[in-house]
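Chain and residue survey
Read off the chains here:
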Amino acid sequence: MADQRFTTIRLDGRALRVLAHPLRSRLLSALRIDGPATATALARTLGTNTGATSYHLRKLASVGLVDETDEGRGRERWWRASTTSHDWTERDVEGDLEAEAASDWLKRYYLRSFVERYERWLASAGDWPIDWRAAAESGDAKLRVTPTQLTAFHEELTRLLDRYRDAAAADDREASDVELFYHLVPMDR
């Protein structure tokens, strides 16, 4: 996206139900990664048809995840992601069986997407300079915490991420976009 300011939207049950669809999730990701596009361009990129793409973009717009830009002429409509990120918690969907199912589907979809992207990195890492390969670390950790402490840890991690987002080096030729994947989940007892 041209505008790299971090913005987020909190998803409610309805928004989760709308987003929990393979094409809609892919459309939102494409707009966030590649920036504004027409339904025709998105259909070509994602291997679908323009009618389906237009329909699903309107569904995403109905819950505030995408919106139209002013770039279109005539019948050509350009779309953009309304935010750079979204989130939700299980408290947002508790008791709404359809929203709980949508939450589960989205989490599994994102996990598969993360694994695919990480595998692409591993396949291409040898093409990157050693400084990038050395800096692209992986790891795991075990913490013993209460739910309250885990919430506090996540809030602190979010503040750290915000600090680095604010220090973005958009005009630095050495800078590159970096993905961070994390999952904070209890281990089996």
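Because the structure is a prediction, the values reported are computed rather than measured.

Bringing the overall build of the chain into the picture now. Counting its regular elements, the chain contains seven helices and five strands. Ordered by position from the N terminus, the helices and strands of the chain form the series β-α-α-β-α-α-β-β-β-α-α-α. Burial statistics for the chain: of 189 residues in total, 25% are counted as buried. Counted over contacts in the chain with a minimum sequence separation of 6, partners at least 24 positions apart contribute 64%. Carbon and sulfur atoms make up 50% of the accessible area of the chain, which totals about 13800 Å². In the chain, the 28 positive side-chain charges and the 32 negative ones have mean positions that sit 5 Å from each other.

Attention now goes to the nonpolar core. The nonpolar side chains of a soluble globular protein tend to be buried, and buried together. In this structure, Leu 11, Leu 19, Leu 31 and Leu 65 are the most contacted members of the largest nonpolar core, which totals 29 residues. Looking at this core, the elements that each hand over two or more residues are α1 (13-19), α2 (22-34), α3 (39-46), α4 (50-62), β4 (78-81) and α5 (97-124). In contact with Leu 65, other than residues within four places in its own chain, are Ile 9, Leu 11, Leu 19, Leu 28, Arg 32, Leu 60, Arg 80, Ala 81, Ser 82, Thr 83 and His 86.

A surface patch of nonpolar side chains, amounting to about 250 Å² of accessible area, comprises Leu 143, Val 145 and Phe 153. When you line up the elements, Phe 153 lands in helix α7 (residues 147-166).

Position of Leu 160 among the secondary structure elements: in helix α7. A relative accessible area of 37% places Leu 160 in the partly exposed class. Remark: the alpha-carbon pair of Leu 160 and Asn 49, spanning 111 residues in sequence, is separated by 41 Å.

Another point: the sheet that holds strand β3 (residues 66-68). Taken in spatial order, the three strands line up as β2-β4-β3 in an open sheet, and their pairing is antiparallel. Since the sheet does not close on itself, it has two edges, and those belong to β2 (37-38) and β3, each with one partner. Bridge count for β2 against β4 is two bridges, and the pairing is antiparallel. When the bridges of β4 are listed, Ala 37 appears paired with Trp 79. Those strands touched by α2 are β2, β3 and β4, and its axis lies near 85° from that of β4.

About the thresholds
- Residues numbered from 1 in each chain as written.
- Predicted model: local features only at pLDDT ≥ 70, side-chain atom pairs only at ≥ 80, totals over all residues.
- Heavy atoms only, no water.
- Helix = DSSP H or I, 4+ residues; strand = E, 2+ residues; numbered from the N terminus.
- Buried < 20%, exposed > 50% of the residue type's maximum accessible area, 1.4 Å probe, protein only.
- Contact = heavy atoms within 4.5 Å.
- Areas by Shrake-Rupley, 256 points an atom, 1.4 Å probe, with all protein chains shown as cover.
- Lys, Arg positive; Asp, Glu negative; His and termini not counted.
- Charge placed at Lys NZ, Arg CZ, Asp CG, Glu CD.
- Core = buried A, V, L, I, M, F, W, Y, C linked by side-chain atoms within 4.5 Å.
- Patch = residues over 30% accessible without salt bridge, like charges linked within 9 Å, V, L, I, M, F, W, Y side chains within 5 Å.
- Salt bridge = Lys/Arg side-chain N within 4 Å of Asp/Glu carboxyl O.
- Pairing = 2+ DSSP bridges.
- Axes fitted to C-alpha atoms, helices over the stretch in contact; angles between N-to-C directions.

These results come straight from atomic positions and should not be treated as a statement about function.
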